[in-house]
Amino acid sequence: MFLRPGAGGPPRAGAAPAPAAGRAPPPGSVTVIIPTFNEAANVGELLSRLRASLPAAAPCEVLFVDDSTDDTPAVIEKAAADCPFPVAVLHRQVAEGGLGGAVVEGVKRAGSEWIVVMDADLQHPPHLVPELVGEGTRTGADLVVASRYIAGGSRAGLAGSYRVAVSRGATWLAKGLFPRALRGISDPMSGFFAMRRSAVSADALKPLGYKILLELAVRCRPAKTAEVPFVFQDRFAGESKSGAREGLRFLAHLAALRSASPLARMIGFGLIGLSGFAPNLLALWLLTHAGVQYLAAEVLANQAGVLWNFLLIETLLFRDRRRHRHWADRIGRFALLANADLLLRIPLIALFVARLGLGVLPATALALVTTFVLRFAATEALVYLPRGPRAATSRRS
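What counts, and where the lines are drawn
- Residues numbered from 1 in each chain as written.
- Predicted model: local features only at pLDDT ≥ 70, side-chain atom pairs only at ≥ 80, totals over all residues.
- Heavy atoms only, no water.
- Helix = DSSP H or I, 4+ residues; strand = E, 2+ residues; numbered from the N terminus.
- Contact = heavy atoms within 4.5 Å.
- Areas by Shrake-Rupley, 256 points an atom, 1.4 Å probe, with all protein chains shown as cover.
- Polar contact = N/O pair within 3.5 Å; in protein donor to acceptor, adjacent residues only side chain to side chain.
- Patch = residues over 30% accessible without salt bridge, like charges linked within 9 Å, V, L, I, M, F, W, Y side chains within 5 Å.
- Salt bridge = Lys/Arg side-chain N within 4 Å of Asp/Glu carboxyl O.
- Lys, Arg positive; Asp, Glu negative; His and termini not counted.
- Charge placed at Lys NZ, Arg CZ, Asp CG, Glu CD.
- Buried < 20%, exposed > 50% of the residue type's maximum accessible area, 1.4 Å probe, protein only.
- Phe/Tyr/Trp six-rings, centres within 6.5 Å; stacked < 30°, edge-to-face > 60°.
- Lys NZ or Arg CZ within 6 Å of the ring centre and 35° of its normal.
- Expected span 1.5 Å × (residues − 1).
- pLDDT = per-residue confidence, 0-100.
- Pairing = 2+ DSSP bridges.
- Right-handed = clockwise from strand over helix to strand, strands pointing away.
- Axes fitted to C-alpha atoms, helices over the stretch in contact; angles between N-to-C directions.
- Parallel < 35°, antiparallel > 145°, perpendicular 65-115°, else oblique.
- Nonpolar A, V, L, I, M, F, W, Y, C, P; charged D, E, K, R; others polar.

K.L.:
What's the story with the overall build of the chain in this structure? I'm lost.
P.N.:
Scanning the chain from terminus to terminus reveals 13 helices and 7 strands. In the chain, 79% of the contacts between residues at least 6 apart in sequence involve partners at least 24 apart. Here the chain has roughly 19300 Å² of accessible surface; of this, 63% comes from carbon and sulfur atoms.

Here is the structure:
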């Protein structure tokens, strides 16, 4: 239900409608998607500035996707009464995917030619919305990014040297990991951008946290990008939601994006497996010094490495596949495969020595590679692949 001037009635959960299938969007139409989490003190001023910025002649609408626990939806309803354009609220009961997930929900419901994504705290200046869309129309770009790092732009609103350093470090890390996907995008950490609705597939997006532009650029690969400079403003009211937890989610998001291909996942799987030697050896040292017999200590210590590997693989490689099985089912299967690897390796070494005539060291190396590939394939197939259409909806981690 869109809230129009004088429409009355509170915004309802899930109120924003989905676009009509097969219907071409009006030329030049714009949906401004604004994810919100407890931004009641900002939305009135934001809508006021959008009223002054959005062109009266163009078909525009504003969609708030709200995860708030305060009265933000009610404040939006009140402020929407003075707007000449439709304003809608989609209040999510479960904030899946964070602010990035909120944007994806908005994209699914947008029926316009252009989508503009911006924050609610007024650090993104509303008067640039028409300029972003205009630059895309003029250049034929599918994605137009408001950048702090080109001539005319500034990160002035970033409070403190720490946040500046974190922002720059995250930008360098992202561009270093995805040089091709982010070519031509100087500010992949920007949360202010415009995109053609036809250039993005919402079903392909799997965001984690608030860096939705990075997700969009890497997974959807827009054919042509452009940039518009902007000065990052001070927050109008409230406090920033970013912190150490969001930083960890960003790193996990980078790992998930980088490991999207099977080859990258296999490399990541191997590196995580190597890292498991550290907790394995530490547990072995602790157990043997506690008086545990060394063979029993070896078996128990191996489980420490298995648990370490499982936690990293869950977080970094298969985050988006965890819902297909209960966590206890996943860890049981993973542990079984990891320990079966030990049982399989010895017969393989004997086979390679007896049948292929290999020395012990080459046979051991070949067995390690063989069991690694088999374990990776089995982990994907038996632990993280969906079991069927019912499992995807009924099982949640």
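K.L.:
What is the right way to look at the environment of Q233 in this model?
P.N.:
In this structure, Q233 sits in the loop between strand 7 (225-229) and helix 7 (244-258). Taking the C-alpha atoms as reference, Q233 lies 6.5 Å from A156; in sequence the two are 77 residues apart. From its side chain, Q233 meets the backbone oxygen of V231 in a polar contact 2.8 Å long.

K.L.:
Looking at this model, I keep getting lost on a positive patch on the surface. Mind explaining?
P.N.:
A surface patch of positive charge is lined by R180, R183, R221 and R258. Taking relative accessible area as the criterion, R221 reaches 47% and is therefore assigned partly exposed.

K.L.:
Can you help me understand the packing of aromatic side chains in this one?
P.N.:
For the coordinates displayed, the defined rule picks out 6 aromatic pairs. Taken together through their ring pairs, the aromatic side chains of F192, F230 and F232 make up a single cluster. If you follow R148 out to its NZ or CZ, it ends over the ring of F232, 5.3 Å from the centre.

K.L.:
Honestly, the pattern of salt bridges in this entry has me stumped. Any pointers?
P.N.:
Side chains that carry opposite charge are capable of pairing whenever their charged atoms lie near each other. According to the stated counting rule, one finds 12 salt bridges in the structure shown. For R109, the salt bridge identified is with E105, shortest N-O distance 3.0 Å. Of this pair, R109 and E105 both sit in helix 3 (residues 98-109), 4 residues apart, which is roughly one turn of the helix. By relative accessible area, which is 23% here, R109 ends up partly exposed.

K.L.:
Mind showing me how you'd approach helix 12 (residues 360-384) here?
P.N.:
Note: α-helices contain 3.6 residues per turn, so residues at a spacing of three or four share the same orientation. In a regular helix each residue adds 1.5 Å, so 25 residues correspond to 36 Å; helix 12 covers 34 Å between its end C-alpha atoms and thus fits that length. The complete set of buried residues in helix 12 reads A363, A367, T371, R375, F376, A378, T379, E380, V383 and Y384. Contacts made by the buried residues of helix 12 are with helix 8 (262-275), helix 10 (294-316) and helix 11 (327-356).

K.L.:
Looking at this model, I keep getting lost on unusual backbone geometry. Mind explaining?
P.N.:
For residues besides glycine, phi is generally negative; the peptide bonds are generally trans as well. Even without a glycine there, the phi angle at L122 is positive, about 70 degrees. Here L122 falls in the buried class, since its relative accessible area comes to 3%. In this structure, R221 is a non-glycine residue whose phi angle is positive, near 45 degrees. Examined against the element boundaries, R221 turns out to sit in the loop between helix 6 (212-220) and strand 7.

K.L.:
Even after reading the chapter, I still don't get the environment of E61, so can you show me in this structure?
P.N.:
Within the element layout of this structure, E61 appears in strand 2 (residues 60-66). For the pair formed by E61 and I115, sequence separation is 54 residues and the distance between their alpha carbons is 9.8 Å. A polar atom in the side chain of E61 sits 2.8 Å from the side chain of T31.

K.L.:
Which parts of the structure should I look at to understand the confidence of the model for the chain?
P.N.:
Atomic detail in the predicted coordinates should be set aside for any region of low pLDDT. Here the chain shows a mean pLDDT of 81. Residues at 70 or above account for 85%. A low-confidence stretch, residues 1-16 (pLDDT under 50), is modelled with 46 contacts involving residues beyond four sequence positions or located in other chains.

K.L.:
Can you walk me through helix 10 in this structure?
P.N.:
A rise of 1.5 Å per residue sets the reference length of helix 10, with its 23 residues, at 33 Å; its end C-alpha atoms lie 33 Å apart and thus fit the reference within 8%. Among the residues making up helix 10, those that are buried are A297, A301, N302, G305, V306, N309, F310, I313 and E314. On the buried face of helix 10, the contacting elements are helix 8, helix 9 (277-289), helix 11 and helix 12.

K.L.:
What should I look at first to understand the pairing of strand 1 (residues 30-36) in this one?
P.N.:
Each regular strand shows side chains that alternate between the opposite faces of the sheet. Burial within strand 1 is extensive, with 7 of its 7 residues counted as buried. A two-sided burial pattern is seen for strand 1, the buried positions comprising V30, V32, I34 and T36 on one face and T31, I33 and P35 on the other. Where strand 1 lies against strand 2, 7 bridges are found, and the strand directions are parallel. The residue of strand 2 that forms the bridge with V30 is C60. Note on the crossover from strand 1 through helix 1 (residues 40-53) to strand 2: the handedness is right-handed.

K.L.:
Mind showing me how you'd approach the packing of helix 8 against helix 9 here?
P.N.:
For any two helices packed against each other, the geometry is given by the interaxial angle and the distance between the axes. Put simply, helix 8 and helix 9 touch, their axes get as near as 4 Å, and they point 20 degrees apart. Of the possible angle classes, the one that applies to helix 8 and helix 9 is roughly parallel. Contact residues: G273, L274 and S275 in helix 8; F277, A278 and P279 in helix 9. Tallied by class, residues from the contact of helix 8 with helix 9 come to 4 nonpolar, 2 polar and no charged.

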